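Chain by chain, the residues run as shown.
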Amino acid sequence: MSSLDASSLVINKTTTPKAKLPNDQLVFGKTFTDHILEIEWTAENGWATPTINPYHKLELDPSAVVFHYAFELFEGLKAYKDASGNSRLFRVNKNMKRMNASAERIDLPAFDEAELSKLIAKFVEVEQDFIPEGHGYSLYLRPTMIGTTASLGVNTPDKALIFVIASPVGPYYKTGFKPVSLEATENAVRAWPGGSGNSKLGANYAPCIKPQREAATRGHQQNLWLFGEEGFVTEVGTMNAFFVFETEDGKKEIATAPLDGTILEGVTRDSILDLCREKLDPNEWIVSERKFTIHEVKEASAKGKLIEAFGAGTAAIVSPIKNITFRGEDINVPVALGSSGELTKQLLDWIEQIQYGEAEYKNWSTPTKDY
Ligand SMILES: *Cc1c(COP(=O)(O)O)cnc(C)c1O
């Protein structure tokens, strides 16, 4: 049984490189780089030799378990180009850990996290000319694992594939923040205790599209996922949710839902909590992972005690919220800076400075050549 071994990587470069798109034509997830990283696994032999080959279609049997029983999980992270021209990865170890946790949840094989990090760093180096330069620009990476066993039997897959593809992306907000309006969803549930909402599985996504589209027909950019009769606030679309409240004793509290199994453990969420705990003045701020309800948000807004709110995830980093419609009534969310709250903007700046290698912080951003 072979374990995943980055040192055995075989690279076959394309002889027909694609033209690089100018920065203003980059669309998220529509165009891809020249290559694909792949590693096959079988229960019999373990992880095969990793390869980087020209980007190509996959050939799978129509009976492959991925098509029938949703044996699929994925990650999303980005590579950045710093001012010295180095390509960098941000907290890739967190993504690898979560990827293994997702694999475990659906009985797909475990892999050595440090080895896959090294392979992703190598892949980014092969594609480094595709990393667009400048704040907000990056190369979005999509590590994926699927079960490939050709069988309609409902069993643990005995064959699997990890592949990684990459898409050059521009800033989420081309002309400053665009605060979003949310609709609180009550007719569908994203995740539940004992379910799989804390794993990054494709199976969690498909059932979430219809409520999102319906919210869009009523003029909202995203939906707010609630849980239970109490109306606990869980996530915003596919982002973690943060709310800033003024407390009874005049402090400010930044609150997000706790990791109780119904929340995806976002790398951005973790980074925000860490930065807030390290950098905000504890005499003025409380940083909370706690349950809170839509009713609490509504009451805080009515009393002028809601300061700001935002979603958090790799794609946008932070996404300011200006309104939440709940049972047909609007809950107004202040945006003190015009298009975002003050902390929202501060967090974007802190995180971008780390990602682009302008500020050193806990080794969160590492040049790919150091892997
Ligand atoms: C990926 C994801 C997030 C954000 O995670 P990041 O690691 O910060 O990108 C939040 N919620 C859901 C449901 C997700 O799938």
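Residues numbered from 1 in each chain as written. Predicted model: local features only at pLDDT ≥ 70, side-chain atom pairs only at ≥ 80, totals over all residues. Heavy atoms only, no water.

**Brief notes about the packing of helix α5 (residues 267-279) against helix α7 (residues 342-355)**
Formally: Orientation is described by axes fitted as lines to C-alpha atoms, over the contacting stretch for helices, and by angles from 0 to 180 degrees between their N-to-C directions. Numbering goes from the N terminus for both helices and strands, where a helix is a DSSP run of H or I of at least four residues and a strand is a run of E of at least two. Angles below 35 degrees are treated as roughly parallel, those above 145 as roughly antiparallel, those between 65 and 115 as roughly perpendicular, and all remaining angles as oblique. Residues count as neighbours in contact if any of their non-hydrogen atoms are within 4.5 Å of one another. Note on residue categories: nonpolar means Ala, Val, Leu, Ile, Met, Phe, Trp, Tyr, Cys or Pro, charged means Asp, Glu, Lys or Arg, and polar means any other residue, Gly included.
For the pair α5 and α7, interaxial distance at closest approach is 11 Å and the crossing angle is 105°. With respect to their mutual orientation, α5 and α7 come out roughly perpendicular. The residues of α7 that touch α5, namely those facing Thr268, Ile272, Leu275, Cys276 and Lys279, are Leu343, Leu347, Trp350, Ile351 and Ile354. Classifying every residue of the contact of α5 with α7 gives eight nonpolar, one polar and one charged.

**Describing the nonpolar core**
As a reminder of what qualifies: By convention a nonpolar core is built from buried Ala, Val, Leu, Ile, Met, Phe, Trp, Tyr and Cys residues, the set being connected through side-chain atoms within 4.5 Å. Exposed residues in this analysis have more than 50% of their type's maximum accessible area, buried residues have under 20%, and partly exposed residues fall in between, with area computed by a 1.4 Å probe over protein chains only.
With 38 residues, the main nonpolar core has Leu89, Phe111, Leu116, Ile120, Leu141 and Met145 as its most contacted residues. Considering each element in turn, this core owes the most residues, seven residues, to helix α3 (residues 113-126). Non-local contacts of Ile120, meaning those with residues more than four positions away in its chain, are made with Leu37, Leu89, Met96, Leu141, Pro143 and Val164. Membership of the second largest hydrophobic core comes to 28 residues, among which are Tyr80, Phe242, Ile272 and Leu273.

**Brief notes about empty space enclosed by the protein**
So the rule is basically this: Detection works on a 1 Å grid of protein atoms alone, calling trapped sets that fit a 1.4 Å probe cavities and calling open sets with protein on both sides within 12 Å along at least five of seven lines pockets, with lining residues defined by an atom within 4 Å of a point. Grid points are joined across faces, edges and corners, and a volume is the space filled by probe spheres set on the points. Annotation comment: domain bounds sourced from an automatic or database domain assignment.
Taken as a whole and judged by the stated rule, the model has three cavities of 30 Å³ or more. Of the pockets and cavities examined, the largest cavity occupies roughly 100 Å³. As for the largest cavity, its lining consists of 13 residues, and the residues nearest its centre are Phe90, Val267, Thr268, Thr314 and Gln355. Those elements that provide at least two residues to the lining of the largest cavity are β6 (77-81), α5 and α7. Looking at the lining of the largest cavity, the element that brings in the most residues is β6, giving three residues. Within the lining of the largest cavity, the residues separate by chemical class into six nonpolar, six polar and one charged. Counting contributing residues per domain, the lining of the largest cavity is built from domain 1 (6-170) and domain 2 (180-355), each supplying no fewer than three. In this model, the second largest cavity occupies a volume close to 70 Å³. At three residues, strand β12 (residues 232-236) tops the list of elements feeding residues into the lining of the second largest cavity. Here the residues of the lining of the second largest cavity are counted per class, giving seven nonpolar, two polar and two charged.

This is a description of form; function is not addressed.
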